[in-house]
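Residues per chain, in single letters:
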Amino acid sequence: MAKTIIEPFRIKSVEPIRWTTRPEREELLQVAHYNLFLLPAEDVLIDLLTDSGTGAMSTNQWAAIMQGDESYAGSKSYDRFRSSIQEIVGYRHVIPTHQGRAAERILFGVVCKKGDVVPNNTHFDTTRANVEFVGAEARDLVIAEGKQPGLIHPFKGNMDVAALEEVIQRVGRERIPLVMLTVTNNSGGGQPVSMENVRAVSAVCRRYKIPLYFDACRFAENAWFIKQREPGYESKTPKQIAQEMFSCGDGCTMSAKKDGMANIGGFLCTNDDLLAQQEKDLLILTEGYPTYGGLAGRDLEAIAVGVQEALEEDYLRYRIASTAYLGNHIAAQGVPIVQPPGGHAIYIDARAFLPHIPADQFPGVALAAELYLEGGIRSVEIGTLMFGAAAKMDLVRLAIPRRVYTQSHIDYVVEVILEVWDQRDKIHGLKLTYEAPFLRHFTAQLEPVEQAVGVRR
Ligand SMILES: Cc1ncc(COP(=O)(O)O)c(C=O)c1O
């Protein structure tokens, strides 16, 4: 059989993307105050800002959308949504929400109170914010290997099981309303969690009678990594692996904008009848009736089909290979990245890429700006601008939307990154001219520390 892994689809509908010249991009970047969030999307050639809600839907999803039942209560679309999800997760209650953070807000709003502690491998930023919003503490317990960008380890998203047990003993089980595992671990570089680790965490939780929840945004990508890397799973299907993983827990939150293959949506699942009732009461207050939860019937249909498509082997093989393709090609030329390549994104280590730019001059933002100037590519800084002085790393994330870009798009991205790599010593740092009191990275304004910005040739 041929070794080339191809996109397992043909393209039926296309959306033109627009070239700009470098002088145009220099001006656009200045107007956007060197913050790529402030750029109009039409001025971006390849948009790798996020993989969330940016995927392309399939013909089967579009066909399902036409069957959307928009009844306020008891719609057929909800029945299809619930049974498709239940087949994978096996949980009794499936509560639709408008996206992942709404599921988080409802879950933590119901189970957490001030003084509680929530252990996770690594909390995503909205998850952390929702835990902290109710006065609880979000504690990250990823294994030590998961904190070393250059280190190769098959399951860098694993939770440190000994640390979990220690936290439970120190804090007391009554102050830990749940334990969470984020699969894959987005904030830790899109790194997977092994089934062995899931079982070990689950065993601790069961021993202390603490519910285990999954932040399941990328459950299918995680299942693929288990199939590829964990002995004993080679001949299982991604669906069987996902089913086994969910069977070790008691519920999940999900953003269907990732492995739901949809542009909007999410859900919250639990096996606990009493909890489900309280969650549905809160849902009605802020999201909508429990058979639509803030979504249109057609969104429920797109998700019902999407969660199944995300588990198809041809799709996952291509998905994970195309992310690794980008990472391996730039790493082979010396570009420092978080190793090994994650499922949905490649993370460039901007401190190592630009050692002459100190952290307080935002090397990640400077590098992201340069990738835009050089080739119209939009990425995102995850570092000092996002987390302030608490940032342990300055990374530039290149997130790959699902089923959107072809290999030649990725070849182009590789070429642009390598061009910037060759000229890296000419890149300058940036300084802040405006910052909001919280979540400043979305709206921050910056300017070059020195006049000459960018790679000048
Ligand atoms: C791991 C993880 N959890 C939760 C969320 C929140 O999902 P949403 O953006 O749909 O609110 C995200 C989104 O990027 C995520 O990556």
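Notes on the structure follow. Only a predicted model underlies this, so the values are computations on that prediction, with no experimental measurement involved.

**Observations concerning the site of the ligand**
Right, so step 1: Close to the ligand lie 14 residues; Arg101, Asn186, Asp215, Ser255 and Lys258 are nearest.
Right, so step 2: Side-chain polar atom of glutamine 99 to an oxygen atom of the ligand: 3.0 Å apart, as the coordinates give it.
Right, so step 3: Residue aspartate 215 places a side-chain N or O atom 2.7 Å away from a nitrogen atom belonging to the ligand.
Right, so step 4: Surface burial for the ligand is 96%, taken as the share of its 390 Å² of free accessible area covered by protein chains.
Right, so step 5: Examining the composition of the shell around the ligand, we find that 3 residues originate from one element, helix 4 (residues 100-111), more than from any other.

**Quick word on helix 10 (residues 273-286)**
Right, so step 1: With 14 residues, helix 10 extends 20 Å between its outermost C-alpha atoms, agreeing within 8% with the 20 Å of an ideal straight helix rising 1.5 Å per residue.
Right, so step 2: Taken as a whole, helix 10 has its buried residues at Leu275, Ala276, Glu279 and Leu283. With its buried residues spanning 95° around the axis, helix 10 presents them on a single face. Opposite the packed face of helix 10, turned more than 90 degrees from it, sit the exposed residues Leu274 and Leu285.
Right, so step 3: Where helix 10 is buried, its residues touch strand 2 (93-97), helix 4, strand 6 (212-215) and strand 8 (266-270).
Right, so step 4: The N-terminus of helix 10 is capped by aspartate 272, whose side-chain oxygen sits 3.0 Å from the backbone nitrogen of leucine 274.
Right, so step 5: With its phi angle positive at about 150°, glycine 288 sits one or two positions after the end of helix 10.

Calculation notes
Residues numbered from 1 in each chain as written. Predicted model: local features only at pLDDT ≥ 70, side-chain atom pairs only at ≥ 80, totals over all residues. Heavy atoms only, no water. Near = heavy atom within 4 Å. Polar contact = N/O pair within 3.5 Å; in protein donor to acceptor, adjacent residues only side chain to side chain. Areas by Shrake-Rupley, 256 points an atom, 1.4 Å probe, with all protein chains shown as cover. Helix = DSSP H or I, 4+ residues; strand = E, 2+ residues; numbered from the N terminus. Expected span 1.5 Å × (residues − 1). Buried < 20%, exposed > 50% of the residue type's maximum accessible area, 1.4 Å probe, protein only. Arc of directions from axis to C-beta. Contact = heavy atoms within 4.5 Å.

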